[in-house]
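Summary of the model geometry
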Amino acid sequence: MSIDAASWPKPEGTYRLDENPKTHTRTDYLRMRLTTLKSQLLVTEEHLHEHLNLRFQLIAVDLWLYGAYFLLLMCLVLVTQDSLMYYNTSMVQRIFSTNQTYSLGLNAVQRLDQLYLFIESALIKSFNPNETETGKHRWRYGDHTCKLGVVRLRQLRRKENFHLGWGDPEYSNLDYMPRWELPYQRLAYTDKYWHIYEPWLPLSASYSFFEKTFMNFEHEGYFQSYPEFAGYITMLARTTHNSMKVLDYLKKNHWITRQTAVLFMDFTLYNADANIFTICTLLLEHTPFGTIFPKVNVLSIKMQVLDQLGTLGFIVAILYIFVVIQFAKSLVVTIWYEPSKLRSMWNKLDLVILTLNALVVTLIVIQESMVSTLLEKVEGASKLEFLDFRRPARLHTLISMMIGFLVCLTTLRLWKVLQFAKIFQLFSAALYSAWQALASTALIIIIFLMAFGIAVAIINGSNAGNFIHTYRSIVTSLCFSFGFSSHVSPHDLFYGGKIIGYILYFILAFVLAQLLINVFISTINGYFQYAKSMRDARAERRINFLQFLRVEYAHFFDQFLKLPCFNRSYHSHNRTVGENIKLILDLNTKKKSGAKHIHHALSTSDPDKIDIPDEAKKQAEYKRRIGRLYTIASILQTQMDLLEHLCFPNEEERFVSDSEDSEEDADPGDEYPV
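Residues numbered from 1 in each chain as written. Predicted model: local features only at pLDDT ≥ 70, side-chain atom pairs only at ≥ 80, totals over all residues. Heavy atoms only, no water.

1. Notes on the packing of helix α14 (residues 470-481) against helix α15 (residues 498-537)
α15 packs onto α14 with a crossing angle of 60° between their chain directions and a minimal axis gap of 9 Å. By the angle class used here, α14 and α15 are oblique. Seen along the crossing, α14 lies across α15 with a hand that is right-handed. Residues Ser477, Phe480 and Ser481 of α14 touch α15, and the partners they reach there are Tyr505, Leu508, Ala509, Leu512, Ala513 and Ile517. (Axes fitted to C-alpha atoms, helices over the stretch in contact; angles between N-to-C directions. Helix = DSSP H or I, 4+ residues; strand = E, 2+ residues; numbered from the N terminus. Parallel < 35°, antiparallel > 145°, perpendicular 65-115°, else oblique. Left-handed = near helix turned anticlockwise from the far one by under 90°. Contact = heavy atoms within 4.5 Å.)

Shown next as structure tokens:
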């Protein structure tokens, strides 16, 4: 910008004389005087605080910018939400979890050998009822839903003769022959008949940076967590006939045995009517104790963001982009001309918000590209190709989390804008003065909560599901402390005996839920009262933000008040003007006396004690009222003078009026004498 201004300077403005100057009369002066007096009546002495006016002016600009940004962000979040995804998730979970007319539910699987029946009924025959047709993936439970690609089966196997003990579980990664026989021998026709030997070989693919970053996670099970990049995989076919051949081969060669720790069934459904992708991960966990725990994980998302916006969403997105560009321009200009302002916490927060917006847009573009690539593969996919829609789904989850943080940071940024209100100033002062005491109190509560959670997990963790893990025990105790006690039963604390149970319940219900939390709240309340007393002690007579807006945007308010709905007419009600004024004054006096009686009734101080206002405040209020009376008197006098000049113009005004009329009637050529 500096180089541009130095290379191409702006041309200097030329001074031009007014070709048709107007002769001002006494009437013009009185009109200008009347306008000045009306502005003087609006702009009082309190409005002359220049520093406060500049502060309110910056707040007004920030309120307009961040308020519009916050509202558009909320609208953008709302237009992208769809309640159909909840119902789709609930429906798919219920179909695969419980028994249906034509398929077995995963919750009904009690033995490992029943798993083959579930795969046959729910994952094979449900998607292509007519075995003679190929290439179609119509679902028995909905013609509008189809399966994209094939179903992938992945199992993790415990090592032979491995004892769990206190360490993490270890899974087998050896190469096996069919029927899990050792030693492994690579035959000459292994590559040709790879789908026969693939189920017995561990997963050994090379992963990209994206997969290592976003896909390297662990699945949360009932007994333990299971890694994603491990195990033995096999694919079902696209047709029912070929899928049954694969399943018969796995069943005949005992692919699922007692060493199977967990089996994952991954596939993707697509609802063409609602444009919803359903990422399904069915998990069957086989614990070392021989028990089986099923779990159905369903994620319904709309990956094609641009297609689901619609007309209203597209308009909101365009407005949002415009406001973001304006927000970025304001931040860049501020930092460019005053780099020292980057040290401010609020400017750093603005920079984080702008960075999150850029990252969200970038990730949405990447997700759209990934989904388009996968959809292009659907038509020409091979019979045993697994289309992993979990990759864009993980990216979509990350985008949702970043949008959540963006909403949180934007709401936090509004805290600075709302500092014009005294209550927000009071909260800020109280929190700033109390942060050390609050941090110490919170640290004590956290230490006590962790100690209690560990103790309860050790004593009752083997019998109560809410205290099975240390972190779960801590979360349960914290929820109980804040009143979420519906899922916590006192019976869960009595597995160590009645005496220990009574002690633990007393600590949880009284010490943690009542004593420590109330101490934390009392600390905040004490500093809040201190900050309020300090504010009242140094209170100054200043205008508020609304009074500043009334003066700063007086023209807008005047035009707004001229609307018919705000045009108040005078109604005499068969009374004179003096009687109406006296009635209004009497009503105001009654209201003030009633408010005073209510204040004394609610006051906790001595009822005989009357609060005497500060003499300086009384004097300032008296001067303000006297000044307004003088201004009103001047306005009335000026209006009378203006009315007199309009009704009875003097000789000078008559002469000016006649000269203006003669100039308008003159011929344009007469101004050049011959």
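2. Looking at the pairing of strand β6 (residues 260-271)
With 12 of 12 residues buried, β6 is to be regarded as a mostly interior element. Here strand β2 (residues 142-157) pairs with β6 via 10 bridges, running antiparallel. Bridge assignment links Gln155 to a residue of β6, and that residue is Leu263. Direction of pairing for β6 relative to strand β7 (residues 276-286): antiparallel, over a ladder of 10 bridges. In the strand pairing of β7, Asp266 is matched with Thr281. (Buried < 20%, exposed > 50% of the residue type's maximum accessible area, 1.4 Å probe, protein only. Pairing = 2+ DSSP bridges.)

3. Some remarks on the packing of helix α5 (residues 114-124) against helix α8 (residues 240-252)
As a packed pair, α5 and α8 sit with axes 11 Å apart at the nearest point and diverge in direction by 170°. Here α8 runs roughly antiparallel to α5, going by the angle between their axes. Both α5 and α8 take part in a crossing whose hand is right-handed. Taking contact as the criterion, the partners of Tyr116, Ile119, Glu120 and Ile124 in α5 are, on α8, Thr240, Ser243, Met244, Leu247, Leu250 and Lys251.

4. Details of the packing of aromatic side chains
For any pair of aromatic rings, the description consists of the separation of the ring centres together with the inter-plane angle of the planes. Evaluated as defined, the whole model comprises 22 aromatic pairs. Between Tyr66 and Phe327, the aromatic rings sit 5.5 Å apart at their centres with planes inclined by 75°, giving edge-to-face as the arrangement. Placement of Tyr66 in helix α3 (residues 50-79) and of Phe327 in helix α10 (residues 310-337) is noted, with a sequence separation of 261 residues between them. Per residue, the accessibility class of Tyr66 equals that of Phe327, and both read buried. Among the aromatic residues, those joined into a cluster by ring pairs are Phe96, Phe127, Trp139, Tyr141 and Phe267. Sitting over the face of the ring of Phe127, Lys147 holds its NZ or CZ atom 5.4 Å from the ring centroid. A cation sits over an aromatic face here: Arg413 above Tyr66, 4.0 Å from the ring centre. (Phe/Tyr/Trp six-rings, centres within 6.5 Å; stacked < 30°, edge-to-face > 60°. Lys NZ or Arg CZ within 6 Å of the ring centre and 35° of its normal.)

5. Focus on the environment of Leu72
Mapped onto the elements, Leu72 comes out in helix α3. For the pair Leu72 and Ile321, spaced 249 residues apart in sequence, the C-alpha separation works out to 9.4 Å. Dropping the residues within four chain positions of it, Leu72 is found in contact with Val316, Leu319, Tyr320 and Val323.

6. Section: the pattern of salt bridges
Under the definition given, this model contains 14 salt bridges. Here Lys302 and Asp82 are joined by a salt bridge, their closest N and O atoms 2.6 Å apart. With Lys302 in the loop between β8 (292-301) and α9 (305-308) and Asp82 in the loop between α3 and α4 (84-97), the pair connects residues that are 220 residues apart, well separated along the chain. Accessibility expressed as a relative area gives 12% for Lys302, which makes it buried. Taking the shortest distance from any N to any O, the salt bridge between Lys125 and Glu120 comes out at 3.0 Å. According to the relative accessible area criterion, Lys125 is partly exposed, its value standing at 30%. What makes Glu120 partly exposed here is its relative accessible area of 22%. Salt bridges here are not isolated pairs; linked through shared partners, they connect Arg152, Arg154, Glu228, Asp266, Asp388 and Arg390. (Salt bridge = Lys/Arg side-chain N within 4 Å of Asp/Glu carboxyl O.)

7. Considerations on the nonpolar core
Core analysis: the largest hydrophobic core is formed by 40 residues, its most contacted members being Phe96, Phe118 and Ile119. For this core, the secondary-structure elements that each account for two or more residues are α4, α5, β2, α8, β6, β7 and β8. Considering every element that reaches this core, the biggest residue donor is α5, with seven residues. In contact with Phe118, not counting residues within four places along its chain, are Phe96, Leu104, Gly105, Leu106, Val109, Leu123, Met265 and Leu282. One finds Val324, Leu356, Met402 and Leu414 within the second-largest nonpolar core, a separate group that totals 29 residues. (Core = buried A, V, L, I, M, F, W, Y, C linked by side-chain atoms within 4.5 Å.)

8. Re the side chain of Thr239
Topologically, Thr239 is positioned in the loop between β5 (232-235) and α8. For Thr239, a relative accessible area of 11% corresponds to the buried category. A polar contact is formed between the side chain of Thr239 and the side chain of Asn242, at a distance of 3.2 Å. (Polar contact = N/O pair within 3.5 Å; in protein donor to acceptor, adjacent residues only side chain to side chain.)

9. Observations concerning the side chain of Arg152
As for its placement among the helices and strands, Arg152 is situated in strand β2. Given the relative accessible area of 8%, Arg152 is considered buried. Here Glu228 takes part through its side chain, which lies 3.4 Å from a polar atom of the side chain of Arg152. Those residues in contact with Arg152 that sit more than four places away from it in its chain are Glu228, Thr234, Met235, Phe264, Met265, Asp266, Phe386 and Arg390.

10. Details of α10
Compared with the 40 Å implied by 1.5 Å per residue over 28 residues, the 41 Å span of α10 between its first and last C-alpha is a close match. Burial in α10 covers these residues: Gly313, Val316, Ala317, Tyr320, Val323, Val324, Phe327, Ala328, Leu331 and Ile335. (Expected span 1.5 Å × (residues − 1).)

11. Considerations on the environment of Thr411
Checked against the element boundaries, Thr411 lands in helix α12 (residues 390-417). Along the sequence, Thr411 and Phe70 sit 341 residues apart, while their C-alpha atoms lie 7.4 Å from each other.

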